[in-house]
Amino acid sequence: PLLPLKLAMVFLLLTIITAGLFGTPLAERNIAAVLTWNLWWAGLVLSVFFLGSAWCAVCPWDALAQWLVRRRWWRRAEPNNSLHLRVPRWLRNIWPALLMFIALTWLELGLGITTSPYATALIALLMVLLATVSLAIFERKAFCRYFCPVGRTVGCYSQLAPVELRPVDADVCARCKTLDCYHGNDVVEPCPTWLVMGRLQQNSYCTSCGNCTRSCPHANIAWRLRTPSVEALQGGRPHWDEAWFMIGLLALTGFHGITMMPFWEDWMSTVARLVGDTGQLLMSFTLGLGASLAVVAAIYALLAGLTHRLFATDLPFRRFFSAQAFVALPLAFAYHLAHNLNHLVRETIHMGEVFMNPLGIDAAPLSMMEKHMRHSDMLISQDTLFAVQALLMMFGFWLAVQITRYRSRRLMPDGATLSGWRLAPLFAFAIVITGFHLWLLMQPMVMRM
C-alpha cells in the first residue's frame, strides 16, 4: 500500500504548494497554512505515538526526490542520476538536523511563516529541493539519515512508540549471509539509512520504508507490538550528537509553548528596548530562542554533572551525559503531545470550510466573532482537555524516572548497588521541567490564526 499512500501525500503537498503560491494571503482561509501548521504538524507527533516512524515511509519530500532522481515509481533503479558519493565524515551525524530544526523554529515563530501561505509553500519547496539534491549527490538517503529535522524528530520520538519493525527469528538473521535487508536485491532498493536488521536495536534511523521486508529472502521481518519506552530503557545507546538533539528537542518544544503565552510580546518588547531592536524584533526573538536553548542545556548539564559526581564513577562525563540524556525524551514527547492536542481540539473543528475553498478565492478575513467562535467551539471540553494533558505530563514524568533509574543501574560498576539519593539531581530535572510544562498548559494560549 505504500505507493498509493505516497501518491496521496504528494497530492496534498502539491496542493499546499499551489494554494500557497496562488491562493489568498489570508492564512486562516488558505489550505496551505491551515493544513500544514494546524493539522499536519500537530497530528504528526500524535501519529508517532501509535505508528512509530511510519510517516517517513510516506514522506512526500522523499517520494518526489526519489521519482525525480531515480526515475522509478517502485522498483530499484540502477543505474540512476545519483552521483553516489559518500557522505563526508564530518557530516555523518545529526548536528545538521538539529541546526535545521532550530532554523525552522526561527522561521516559524520569528518570521511568522505560519501566518503566510506563500512562505509555507516556499518552505515545502525548499524541503523537496534539499531532499532531491542530497539524493542526487550522496549514496542512499543521506537527507533522511542526517539532515531532515522532521525525520530526526520522528526518529527520536519513535523510540518510545509501542511498535517496531524487527526480525521474527533472530537466529535466522544470525545465519544470513547475503544481508539483503542492507544491500537490497535486483528489485528492491537497499536500506536507505544503512541499517542491518539483525543488529537493529533502535527505531531512531528506521524510516519504515519496508525495503527490508520485501527484500528478505527468508520473510523474517515483520511489525510487532512492544512495551512503550522499552527501547529508551534498554536498547537506546545515544551518541554525543543524538544526546544533544534530545536536549534541543526538549528546549524547542517548551519554547513553542512560551511564544504562545500572552506575556511573550511584553517580554520581547522589553528585550527590544534593552538592545535597541526595532521593526520585526528579530534580534530580540533570536536572543529569546538562544536563551531558551541555553537555559535547558545548562540545567541538564549542571544536574547531570552533579549526578556524575555523586556516582563517583570512572565513566567519562561525556558518556554519562549522553546515556542519561534519554531523561529528556519522554518529557519532550509528553509536552509535545499535550501542546499539539490543544491545537487539534481548537483549530480543526472548522477545517471543512477551508477544504471546500482551498485557495480561499474571494474569502474575507475572519471577524473577531468568527475567531472567538473558532476557539471556543472545541472537540472536547476545556476541563477534559486539561485532564488529558495532565495525564500525559504525569506519564512523561513517570517514564523519565523509570528511564533514569534503569539506565543508571546499567552504568554502575559490576556488583555495585544504586542508592536512590544519587539520582536526586536528575529527578529534580524531571520535576522542574514537568512543573514548568504543566504551568504553560494552564495559561491561556494565543493562537496564530
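As the structure is a computational prediction, the values presented were derived from the model and not from experiment.

1. What to know about the overall build of the chain
Here comes step 1: A tally of helices and strands in the chain yields 21 helices and two strands.
Here comes step 2: Relative to the globule expectation of 22 Å for 449 residues, the C-alpha radius of gyration of the chain, 23 Å, shows essentially globular dimensions.
Here comes step 3: In the chain, which comprises 449 residues, the proportion classed as buried is 56%.
Here comes step 4: In the chain, once contacts between residues fewer than 6 apart in sequence are set aside, the share between residues at least 24 apart is 83%.
Here comes step 5: Surface exposure of the chain reaches about 20,600 Å², of which carbon and sulfur atoms provide 66%.

2. Here's the deal with the packing of helix 5 (residues 95–110) against helix 15 (residues 282–311)
Here comes step 1: Put simply, helix 5 and helix 15 touch, their axes get as near as 11 Å, and they point 135° apart. Comparing the axis directions of helix 5 and helix 15 gives the class oblique. Both helix 5 and helix 15 take part in a crossing whose hand is right-handed. In this structure, helix 5 uses I102, T105, W106, L109 and G110 to contact helix 15, whose residues at the interface are L282, F285, T286, L289 and L293.
Here comes step 2: Looking at the contact of helix 5 with helix 15 residue by residue, the class counts come to seven nonpolar, three polar and no charged.

3. Observations concerning the pattern of salt bridges
Here comes step 1: Taken as a whole and assessed by the stated rule, the structure comprises eight salt bridges.
Here comes step 2: A salt bridge links E231 to R226; its shortest N-O distance comes to 2.7 Å.
Here comes step 3: It is possible to trace a salt-bridge network through shared partners that takes in E164, R166, R224, R226 and E231.

4. Some remarks on helix 16 (residues 317–324)
Here comes step 1: Among the residues of helix 16, those classed as buried are F320, F321, S322, A323 and Q324.
Here comes step 2: Contacts from the buried residues of helix 16 go to helix 13 (240–258), helix 15, helix 20 (382–411) and helix 21 (424–442).

5. Regarding the nonpolar core
Here comes step 1: Counting 113 residues, the largest nonpolar core has W61 and Y300 as the members making the most contacts within it.
Here comes step 2: Looking at this core element by element, the count peaks at ten residues for helix 13.
Here comes step 3: Sequence-distant contacts of W61, that is, excluding residues within four places in its chain, are made with L13, W40, A124, M127, V128, A131, C148 and V150.
Here comes step 4: By size, the runner-up hydrophobic cluster in this structure holds eight residues, among which are A19, A32, V34 and L35.

6. Examining the layout of surface pockets
Here comes step 1: As a volume, the largest pocket reaches approximately 470 Å³.
Here comes step 2: In this structure, the largest pocket is lined by 18 residues; those nearest its centre are R145, L195, Q202, Y205 and H239.
Here comes step 3: For the lining of the largest pocket, the secondary structure elements donating two or more residues are helix 7 (142–147) and helix 13.
Here comes step 4: A breakdown of the residues in the lining of the largest pocket according to their chemical character gives seven nonpolar, five polar and six charged.

7. Focus on the packing of aromatic side chains
How two aromatic rings sit relative to each other is given by the distance of their centres and the angle of their planes.
Here comes step 1: As enumerated under the stated definition, the model contains 24 aromatic pairs in all.
Here comes step 2: Geometrically, the ring pair formed by W40 and W55 is tilted, given 5.7 Å between the ring centres and 55° between the ring planes. You can see W40 sitting in helix 2 (residues 31–51) and its partner W55 sitting in helix 3 (residues 54–57), a full 15 residues away along the chain.
Here comes step 3: Looking at W55, the relative accessible area reads 14%, which means it is buried.
Here comes step 4: Geometrically, the ring pair formed by Y146 and F147 is tilted, given 6.2 Å between the ring centres and 50° between the ring planes.
Here comes step 5: With relative accessibility at 10%, the residue Y146 sits in the buried group.
Here comes step 6: Here a set of aromatic residues connected by ring pairs shows up, and it is made of W240, W244, Y300, F317, F321 and F429.
Here comes step 7: Lying across the ring of Y182, R140 places its NZ or CZ 4.3 Å from the centre.

8. Observations regarding the state of the cysteines
Here comes step 1: Enumeration over the complete set of coordinates arrives at zero disulfides.
Here comes step 2: Here C148 is not disulfide-linked; the sulfur of C59 is the nearest cysteine sulfur, at 6.1 Å.
Here comes step 3: Looking at C148, the relative accessible area reads 7%, which means it is buried.
Here comes step 4: With no disulfide of its own, C181 has C173 as its nearest cysteine by sulfur position, at a separation of 6.4 Å.

9. Regarding unusual backbone geometry
Here comes step 1: You will see that H84, though not glycine, has its phi angle at about 55°, which is positive.
Here comes step 2: Along the chain, H84 falls in the loop between helix 4 (60–70) and helix 5.
Here comes step 3: Judged by relative accessible area, H84 falls into the partly exposed class, the value being 35%.
Here comes step 4: We note that A219 has phi near 50°; this positive angle belongs to a residue other than glycine.
Here comes step 5: Examined against the element boundaries, A219 turns out to sit in the loop between helix 11 (211–215) and strand 2 (221–225).

10. Focus: the side chain of D241
Here comes step 1: In this structure, D241 sits in helix 13.
Here comes step 2: Here D241 occupies a buried position and makes no salt bridge, while the nearest side chain of opposite charge, R318, is found at 7.4 Å.
Here comes step 3: Here D241 is in contact with N93, I94 and W95, once residues within four sequence places are set aside.

What counts, and at which threshold
Residues numbered from 1 in each chain as written. Predicted model: local features only at pLDDT ≥ 70, side-chain atom pairs only at ≥ 80, totals over all residues. Heavy atoms only, no water. Helix = DSSP H or I, 4+ residues; strand = E, 2+ residues; numbered from the N terminus. Rg over C-alpha atoms; globule rule 2.2 N^0.38 Å. Buried < 20%, exposed > 50% of the residue type's maximum accessible area, 1.4 Å probe, protein only. Contact = heavy atoms within 4.5 Å. Areas by Shrake-Rupley, 256 points an atom, 1.4 Å probe, with all protein chains shown as cover. Axes fitted to C-alpha atoms, helices over the stretch in contact; angles between N-to-C directions. Parallel < 35°, antiparallel > 145°, perpendicular 65-115°, else oblique. Left-handed = near helix turned anticlockwise from the far one by under 90°. Nonpolar A, V, L, I, M, F, W, Y, C, P; charged D, E, K, R; others polar. Salt bridge = Lys/Arg side-chain N within 4 Å of Asp/Glu carboxyl O. Core = buried A, V, L, I, M, F, W, Y, C linked by side-chain atoms within 4.5 Å. 1 Å grid on protein atoms, 1.4 Å probe; cavity = no way out; pocket = protein on both sides within 12 Å on 5 of 7 lines; lining within 4 Å. Points joined across faces, edges and corners; volume = space filled by probe spheres on them. Phe/Tyr/Trp six-rings, centres within 6.5 Å; stacked < 30°, edge-to-face > 60°. Lys NZ or Arg CZ within 6 Å of the ring centre and 35° of its normal. Disulfide = S-S within 2.5 Å. Lys, Arg positive; Asp, Glu negative; His and termini not counted.

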